[in-house]
Amino acid sequence: MPAQLIDGNALSKQIRSEIAEKAAALTARGLQPGLAVILVGEDPASHVYVRNKVKACQDAGFKSVLEKYETSLSEADLLARIEALNTDPSIHGILVQMPLPKHIDPHRVIEAISARKDVDGYSTLSAGELMTQLPGFRPCTPYGCMKLIESTGYDLRGKHAVVIGRSNTVGKPMALLLLQANATVTLCHSGTPDIGHHTRQADVVVAAVGRRNVLTADMVKPGALVIDVGINRDEAGKLCGDVDFDAVKEVASWITPVPGGVGPMTITMLLQNTLEAAQRKAQA
Ligand code: NAP
């Protein structure tokens, strides 16, 4: 029997409507959640991502501030803008769209964002909070993957999860979140000699590489739950993930499609983190 689809669009819609309700309640108390997005340069994909983030904020009833700058913006000027937003009481989350122009150090920029407003969860403090299981902002994409798994009712306790890809923004935090859910976790990367050896033993596979067909049907244990984070294009220019979807869905029990799986959840969890930032401020 083919795998059941984990529908990121449907889950996203449901979570966003819950977020909008909570945002309306906060707004009624004079604390409208606010997200500031900074975009530097002309990268076309970044412009699309930012537009989607701004629209999602507006649809959820958040205050949304978009600051666009020329590629020539200096690092010092960018840091000064972040500092101003750090102290702006109407802004609860700050996101600087990556990649930045080469003359700007992304680490310095991320670390300049106040820990209370780091809704992307990329700072070293947020990473430390995740590592030590303290409350904090979880990076949006792995946070969204966890929600997708949760939505199926799948119990991760005692299961073997394999994550392919070890980036600081997806693979590593994903592995930590699965570990916190009491899965036994294996993290594979470009230096792993035989990835199939690991995935064939996995109850859950998360593919986060950015390369087509990293996970093929012969690498999947029957009945596994498969999450596809990758975004690629096939020969026809059609969007596809890292997983050989048509073949793997015949072996897996649950699978996320691309598009319509992890993608919509990433922005949803950005809204969730911003809402949480505003709620914390309301409690403070
Ligand atoms: P990244 O920073 O480029 O990291 C890719 C990881 O994959 C690295 O750890 C790399 O290993 C590993 N890798 C590369 N080739 C490999 C191979 N042949 N076998 C096994 N591992 C390999 O990318 P990322 O930011 O984590 O993103 C991964 C993918 O997810 C991309 O397609 C990206 O567009 C997509 N993405 C989607 C969303 C969404 O919302 N849907 C959000 C974020 C990212 P090394 O560390 O050894 O180099």
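See the structure shown above.
Summary of the structure given here. (Residues numbered from 1 in each chain as written. Predicted model: local features only at pLDDT ≥ 70, side-chain atom pairs only at ≥ 80, totals over all residues. Heavy atoms only, no water.)

1. Considering the site of the ligand
This is how the line gets drawn: Proximity is defined per residue: if any heavy atom of the residue lies within 4 Å of a molecule or strand, that residue is considered near it. The definition of a polar contact used here is a pair of N or O atoms within 3.5 Å, where within protein one atom must be able to donate a hydrogen and the other to accept one, and adjacent residues in sequence count solely through side-chain atom pairs. The method behind every accessible area is Shrake-Rupley, applied with a 1.4 Å probe, and residues are considered shielded solely by the protein chains displayed. Amino acid classes used here: Ala, Val, Leu, Ile, Met, Phe, Trp, Tyr, Cys and Pro are nonpolar; Asp, Glu, Lys and Arg are charged; the rest, including Gly, are polar.
What surrounds the ligand is a group of 20 residues, the closest being Arg166, Ser167, Ser190, Ile231 and Thr266. With respect to the ligand, the side chain of Ser167 contributes an N or O atom lying 2.5 Å from an oxygen atom. Contact with the protein chains removes 68% of the 920 Å² of surface that the ligand exposes when unbound. Residue composition of the shell around the ligand, grouped by class: 8 nonpolar, 10 polar and 2 charged.

2. Thoughts on the pattern of salt bridges
Let me state the cut-off plainly: A pair is scored as a salt bridge if a Lys or Arg side-chain nitrogen falls within 4 Å of a carboxyl oxygen belonging to Asp or Glu. Going along the chain from the N terminus, every DSSP run of H or I of four or more residues is numbered as a helix, and every run of E of two or more is numbered as a strand. Burial classes follow relative accessibility: with a 1.4 Å probe on protein chains only, a residue under 20% of its type's maximum area counts as buried, one over 50% as exposed, and anything between as partly exposed.
A full pass over the atoms with the stated rule returns 10 salt bridges. In this structure, Lys55 and Asp59 form a salt bridge, with 2.7 Å as the shortest nitrogen-oxygen distance. Taken together, the residues span about one helical turn, with Lys55 and Asp59 both in helix 2 (residues 44-59) at a distance of 4 residues. Glu67 is paired through a salt bridge with Arg81; the nearest N and O atoms lie 2.7 Å apart. Linking Glu67 in strand 3 (residues 63-69) with Arg81 in helix 3 (residues 75-86), this pair joins segments that are 14 residues apart in sequence. On the basis of relative accessible area, Arg81 is assigned to the partly exposed category, the value being 28%. Linked through salt bridges whose partners overlap, the residues forming this network are Glu75, Asp105 and Arg108.

3. A word on the packing of helix 6 (residues 140-151) against helix 7 (residues 171-180)
The criterion, for reference: Axis definition: a line fit to C-alpha positions, over the contact stretch in the case of helices; interaxial angles, taken between N-to-C directions, run 0 to 180 degrees. Put simply, angles under 35 degrees are roughly parallel, angles over 145 are roughly antiparallel, angles from 65 to 115 are roughly perpendicular, and the rest are oblique. When the near helix sits turned anticlockwise from the far one by under a right angle, the crossing is termed left-handed; a clockwise turn instead gives a right-handed crossing. In this description, contact between two residues means that some pair of their heavy atoms is separated by no more than 4.5 Å.
Close contact between helix 6 and helix 7 brings their axes to 9 Å; oriented N to C, the two are set at 40°. Relative to helix 7, helix 6 is oriented oblique. The element helix 6 and its partner helix 7 pack so that their crossing is right-handed. For the pair helix 6 and helix 7, the contacting residues are Pro142, Tyr143, Cys145, Met146 and Ile149 in the first and Pro173, Met174, Leu177 and Leu178 in the second. Taken together, the residues of the contact of helix 6 with helix 7 sort by class into 9 nonpolar, no polar and no charged.

From the geometry alone we can't say anything about function, so treat these as descriptive.
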